[in-house]
Amino acid sequence: MKSYTLGFFLMILLAGCSTSATTSTRKERKEDMKTAVKERVESGSYRILVNRAMPLGGRSVNLTSVYSLEVRNDSVYSYLPYFGRAYSIPYGGGKGLTFNAPLSEYNLSYSERGAAEVKLVARNNEDTYTFTITVQPTGTAYISINMYNRQTISFDGELDMYKDIVTTADLPGRLTPEERTINSNQGLTKLSY
């Protein structure tokens, strides 16, 4: 009888220890994710993969193709669909939300709950775009885009944590501007762009 009681007591003790270890591991993973998201957003180079579009006054649209919004250094690279009403656009529909443009404004702040709130403004020859991006500590993101010539549209997505942002200088066979200058001064004719 004593051996059964002792065995039962040991099983309960081991089960309690494994539960506390799992809890601490979850908390550690949550903190690691929060730190990684914060570092990625503060670096100024990040990509948000979008999976749902929510036009103003319309139904949400689940996106089946890969769409993204990328902020890199001082530019925004938007590859997003547009659903909604346009007020004044170029003949043929224009580019919509597929464009690259330099940033004219970039503000980063944090909410009380730790969500990163980014407001950025970009302009091109079609419109002025005001992006309001909210990135939760879990990596989920919400994007709202206000434009002068089109209705507002919003997107849901995830911060891309798995792949570093690749610049053209990082691609094989590509030269940085400094390397192009050095090579052209040395008389080399092979330049890759």
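Residues numbered from 1 in each chain as written. Predicted model: local features only at pLDDT ≥ 70, side-chain atom pairs only at ≥ 80, totals over all residues. Heavy atoms only, no water.

Colleague: When you look at the overall build of the protein in this model, what are you seeing that I'm missing?
Modeller: Across its full length, the protein holds two helices and eight strands. When the elements of the protein are put in sequence order from the N terminus, they spell out α-β-β-β-β-β-β-β-β-α. Taken across its 193 residues, the protein has 31% of its residues classed as buried. Considering only intrachain contacts with a sequence separation of at least 6, the fraction spanning at least 24 residues in the protein is 45%. When the accessible surface of the protein is totalled, it reaches about 12,700 Å², and 53% of it is carbon and sulfur. (Helix = DSSP H or I, 4+ residues; strand = E, 2+ residues; numbered from the N terminus. Buried < 20%, exposed > 50% of the residue type's maximum accessible area, 1.4 Å probe, protein only. Contact = heavy atoms within 4.5 Å. Areas by Shrake-Rupley, 256 points an atom, 1.4 Å probe, with all protein chains shown as cover.)

Colleague: What's the story with the nonpolar core in this structure? I'm lost.
Modeller: Proteins that are soluble and globular tend to have nonpolar side chains buried together. Ranked by size, the top nonpolar core spans 33 residues in total, and within it Leu97, Ile133 and Ile145 carry the most contacts. Once residues within four sequence positions are removed from consideration, Ile145 is found in contact with Leu80, Leu97, Tyr129, Thr130, Phe131, Thr152, Ile153 and Phe155. (Core = buried A, V, L, I, M, F, W, Y, C linked by side-chain atoms within 4.5 Å.)

Colleague: Is there a simple way to explain unusual backbone geometry in this structure?
Modeller: Across residues other than glycine, the phi torsion is negative in most instances, and most of the peptide bonds are trans. Located in the positive-phi region is Asn73, a residue other than glycine, with phi close to 55 degrees. For Asn73, the location among the structural elements is in the loop between β2 (61-72) and β3 (75-80). For Asn73, a relative accessible area of 61% puts it in the exposed group.

Colleague: Would you mind going over the sheet that holds β3 with me for this structure?
Modeller: Neighbouring strands of a sheet are bound in pairs by backbone hydrogen bonds; such pairs are parallel or else antiparallel. The eight strands lie next to each other as β1-β2-β3-β4-β5-β6-β7-β8, forming a closed barrel whose pairing is antiparallel. Going across the sheet, the axis of each strand differs from the next one's by a mean of 30 degrees, ignoring polarity. (Pairing = 2+ DSSP bridges. Axes fitted to C-alpha atoms, helices over the stretch in contact; angles between N-to-C directions.)

Colleague: Just checking my understanding: could you explain the side chain of Glu70 for this structure?
Modeller: Note that Glu70 resides in strand β2. Judged by its relative accessible area of 9%, Glu70 falls in the buried class. One polar contact links Glu70 to Arg72, side chain to side chain, over a distance of 2.8 Å. (Polar contact = N/O pair within 3.5 Å; in protein donor to acceptor, adjacent residues only side chain to side chain.)

Colleague: Looking at this structure, how should I read the environment of Ala53?
Modeller: With respect to the helices and strands, Ala53 occurs in strand β1 (residues 46-55). Taking the C-alpha atoms as reference points, Ala53 and Asp156, 103 residues apart in sequence, are found 6.7 Å from one another.

Colleague: Sorry, what's going on with the side chain of Ser75 here?
Modeller: As for its placement among the helices and strands, Ser75 is situated in strand β3. Overall, Ser75 belongs to the buried group, its relative accessible area being 14%. Here the side chain of Ser75 touches Asp74 through a polar contact of 3.5 Å, side chain to side chain. Leaving out residues up to four positions away in the same chain, Ser75 has contacts with Glu70, Ala101, Pro102 and Leu103.

Colleague: Looking at this model, I keep getting lost on the packing of aromatic side chains. Mind explaining?
Modeller: Here the structure, examined in full by the defined rule, presents four aromatic pairs. On the basis of an interplanar angle of 25 degrees and a centroid distance of 5.3 Å, the ring pair of Tyr67 and Tyr79 is categorised as stacked. Taken together, the positions of Tyr67 in strand β2 and Tyr79 in strand β3 put the pair 12 residues apart, joining distant regions of the chain. Take Tyr79: its relative accessible area is 43%, and that puts it in the partly exposed class. (Phe/Tyr/Trp six-rings, centres within 6.5 Å; stacked < 30°, edge-to-face > 60°.)

Colleague: So what exactly am I meant to see when it comes to the pairing of β3 here?
Modeller: Where a strand is regular, its side chains alternate between the two sheet faces. Pairing analysis gives five bridges linking β2 to β3, with the strands arranged antiparallel. For Ser68, the partnering residue across the bridge sits in β3 and is Tyr79. Hairpin remark: β2 followed by β3, antiparallel, with two residues in the connecting loop; positive phi at Asn73, about 55 degrees. Examined bridge by bridge, β3 and strand β4 (residues 97-110) share six bridges and lie antiparallel to one another. Of the residues in β4, the one forming a bridge with Ser78 is Phe99.

Colleague: Whenever I open this one, the confidence of the model for the protein confuses me. Can you help?
Modeller: Where the model shows low pLDDT, its predicted coordinates should not be examined in detail. Across the protein, the average pLDDT comes to 79, with 72% of residues at 70 or higher. Long-range and interchain partners of residues 167-193, a stretch whose pLDDT sits below 50, account for 20 contacts in this model, where long-range means more than four residues apart. (pLDDT = per-residue confidence, 0-100.)

Colleague: Even after reading the chapter, I still don't get the pairing of strand β5 (residues 116-123), so can you show me in this structure?
Modeller: By the bridge criterion, seven bridges tie β4 to β5 in an arrangement that is antiparallel. Within the sheet, the bridge partner assigned to Leu108 lies in β5 and is Val118. Where β4 folds back on β5, the antiparallel hairpin that results is connected by five residues, among which Gly114 adopts a positive phi of roughly 95 degrees. As judged from the eight bridges shared by β5 and strand β6 (residues 128-135), these two strands associate in the antiparallel manner. In the strand pairing of β6, Val121 is matched with Thr130.

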